Each structure stands twice: as C-alpha cells, then as structure tokens.
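Below are the chains, spelled out letter by letter.
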Amino acid sequence: MSDYLPVEVILEILKRLPVKSLVKCRSVCKAWNRLISDPSFISTHLQASLSRPPADTPFLLLRCLKNGRENYFLHYDNDGFDEFKQLQFPVFGCVSYSIVVGSCNGLICLSFLPHDVLNFVFWNPSIQKYISLPQPSICCYSHDVHLNFGFGFDSRTNDYKLLVVGVEKGDNLIQPYLFSLNENCWKRVVAVSPNYAVEAEISSTFVNGAVHWLGYQRRNNGGFSNTILGFDLSDEEFFEINLPESLIGLCPMDLSTMKYGESSIAVLKRDWEDGELLELWVMKEYGVVESWTKVLTLHMVDQSGWFPRVLGFRNNGEVLLQVDDGEMASLDLNCQQIEPHGVEVGAGLLSVGSYVESLALLDKAVDVCSVSDVNHAIDSSDSDESSGGESDVT
C-alpha cells in the first residue's frame, strides 16, 4: 500500500485508528510494523487520542476485587455507564499484595511486595505489554520509615516517571528517588524537600505535569498545618499550593486529593465528629488559591445508613459516587441530585479513574503471556541491578 500512498497520508490514516486495530496492522508488513512501533508515532497517536472531544474517548477504568483477585474493567463514561470490556489481568494474581500507584496515558503503574522488597511494573493493558523496573536503593521496610509513590508523564522529555518519597519518624521527608523510563534507571532527587510529611500509602494525584499529595506539619500545640505538596516531573522540584483557610488546620487523615477535570485538583474532606460530614472543594483555576470553591456538602446524622463514597469526576463535570451497597451513581453539582446508574460493583470496588487507550510501551516492553513470565521478571530484578540496569546518583 505504501507504493501507492505517501507515508504522510498513511500516518494520517493510522493515527486515527483505535489501539486494537493498530496492533493488528503491525502484521501487514515490516514497514508498517516499524512505523507503528516508532516512538514518534506512538506519541503522535496518543496526542490525537487526547485531542478528540471527551465524547469520543469516554472511558473510565474500574479496579475491583472479586474472589480474592483483582479485576479491571473499562466502562463508557455515558448515561448508561455501559461496560466496554474487561481487561485481561493474568499478571499479578499470584502476588501477595499490590497497589495501583497511578494511571497516565493508558499506562498503569503497579507496586507489589512479593519478597519484602520494592517492585514496580509499568503495564499497558490495551496492548498487554509490561516492563518490570529495577529496584531502587531505598529502605522499604522500617518501623521509622514509610513510603509514598507518585507516577506521571513528563511532556517535556516524553518520559514516564515514578517518584518514591520516604517519611521518617518525626514527619521528616528523606531524599526521594526518581525513576525515568527513557533512561531505565533510578536517581536521587537533588531538590530540597519542603518540611512537610505525607500520610503513609496515600494515593497521589497527577495533573499539569506534577504529582500531588496532602502534606502536613505538626504544630507545637499538637495541631496541624496542611498544604498541597507537589512535585514537578519536568523541573524535578517540589512546590506548595495553599489550601482553603478552613482546611489548613484539620487532621490530615480527614483530607484527600483527587483530579478535577483535565488540569486541576480537588480536595475531599470527611468529618465524623457530628454525624458524617463530607465536603468537596475544587480549584477552578490551577495554582490560583483564590479559585478554591466548595461545590458539595453532604451530611448524615444516622450512622447506620450507607454514606456515599466519592470516587472522582466524570467528563461532564458530575461527581461519580458509590452508593447503597455498591451501586454506581452520579451527582449533578448544579441541582445536587443523585442519579443511580443501575451498575452494581459491590464492596470490592477499589478505584475508578479516567482512561485512554494508547500504544505506550509498544516499542520497549515485553508481552504479558503468563503469570510465570512475570514472576521470572520479578525474581530477576536483582540481576538487572547488578548488570547495570540501575544507576544511583549519590
């Protein structure tokens, strides 16, 4: 076909195809395989997917626990919340414990602890490929240290990065480590860490090229001073964003961050002192403290009832909730009305987030064929380090 059409025309056609079709097109000929697997085309296809109207890419990624195993589903972000497909997940079913660090551009970062050491995997379920990361040289098991992770995309260098932040007893941040997929190695972050701690195993929020956590300081009077603690993946520097005045002095365990739209953040507050009180604040304009706006307040005095669980935001701006015994519902912030979707996910729902299918890792990862293959990759991570897969900057 390339004998009849210029390469530029072929590229324009291919970048509009879904991921599943592109994977099949690699079998057409060697030239197409090289073209589709090229990093520049992978990036071009991703940008084309992200630039389409939200109605054209309405995917939500659901992570559920059923019968002791993790299951991943893609649902359309439409009125019916229809299921698109269940993602094949044969990779980590034998691992004792795993968490989702984050999801970005179709890539999911997982952390798991099968051998009392830190192991991470970047996994693209759309093309069933993964890469096992070399282990960082950081103490992951200590009564005096707990770890938090942040995963995201550096658009300046077209690179996926993973940040590991340790907090010592006494609420002091220790020097973080940063992994670069392009360089396939870890390095110590030289930027000075702000004097804020982060609660253990709190999920980060990636938006605007930075990962965010709820950071806090302990005051001399026993109280707290809270802030949004961010880390810019391009500049590799920490920064702070002030919270609304009413949230600064609260217990940090009552607060959590989440993504708002495509370019800003939100903070969820839960208070159990006088019945259960839930507040949702959004930063209408990222980085502008004056734009913090309280968009939702829910109060329940009867503690015997099921209180809605806030999962995140939909593409249309509605709040996605889990209500009753696990049914999905949406809340319109304008009229404050809750509309059930009729989709039962049960108590095993672990997380929900926006998702876009992509070709990320197509040019550098291995196929997910069986659980034993991944176990071999995990077991061999030490040998990767000894063979020069890891480079620590001291």
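Residues numbered from 1 in each chain as written. Predicted model: local features only at pLDDT ≥ 70, side-chain atom pairs only at ≥ 80, totals over all residues. Heavy atoms only, no water.

Digging into the pairing of strand β5 (residues 107-112)
Remark: a regular strand shows side chains that alternate across the two faces of the sheet. Along β5, six of the six residues are buried, which leaves the element largely enclosed by surrounding structure. Both faces of β5 are covered, namely the face carrying L107, C109 and S111 and the face carrying I108, L110 and F112. Of the strand pairs in this sheet, strand β4 (residues 98-104) and β5 are connected by six bridges, and their pairing is antiparallel. The residue of β5 that forms the bridge with V100 is L110. (Buried < 20%, exposed > 50% of the residue type's maximum accessible area, 1.4 Å probe, protein only. Helix = DSSP H or I, 4+ residues; strand = E, 2+ residues; numbered from the N terminus. Pairing = 2+ DSSP bridges.)

Notes on the sheet that holds strand β27 (residues 366-367)
Ordered by their spatial adjacency, five strands build an open sheet running β4-β5-β6-β7-β27, and the pairing between neighbours is antiparallel. Strands at the two margins of the open sheet, each flanked by one partner only, are β4 and β27.

Focus on the packing of helix α3 (residues 30-37) against helix α4 (residues 39-51)
Look at α3 against α4: their axes get within 5 Å of each other, and the N-to-C directions meet at 65°. Contact residues: α3 offers L35, I36 and S37, while α4 offers P39, F41 and I42. (Axes fitted to C-alpha atoms, helices over the stretch in contact; angles between N-to-C directions. Contact = heavy atoms within 4.5 Å.)

A short note on the packing of helix α1 (residues 7-14) against α3
Between α1 and α3, the shortest axis-to-axis distance is 12 Å and the interhelical angle comes to 60°. In terms of their interaxial angle, α1 and α3 are classed as oblique. Read as a crossing pair, α1 and α3 show a hand that is right-handed. Facing α1, whose interface residues are V7, I10, L11 and L14, α3 presents W32, L35 and I36. The residue inventory of the contact of α1 with α3, partitioned by class, reads seven nonpolar, no polar and no charged. (Parallel < 35°, antiparallel > 145°, perpendicular 65-115°, else oblique. Left-handed = near helix turned anticlockwise from the far one by under 90°. Nonpolar A, V, L, I, M, F, W, Y, C, P; charged D, E, K, R; others polar.)

Quick notes on the pattern of salt bridges
Once their charged atoms are close, side chains differing in charge can pair, the charge on each being opposite to the other. Tallied over the entire structure, the rule returns 12 salt bridges. Of the charged contacts, one joins E318 and R314 as a salt bridge, the two residues approaching to 3.3 Å between their closest N and O atoms. Each member of the pair, E318 together with R314, is buried. Here the residues in one salt-bridge network are D154, K161, K187 and E236, joined through shared partners. (Salt bridge = Lys/Arg side-chain N within 4 Å of Asp/Glu carboxyl O.)

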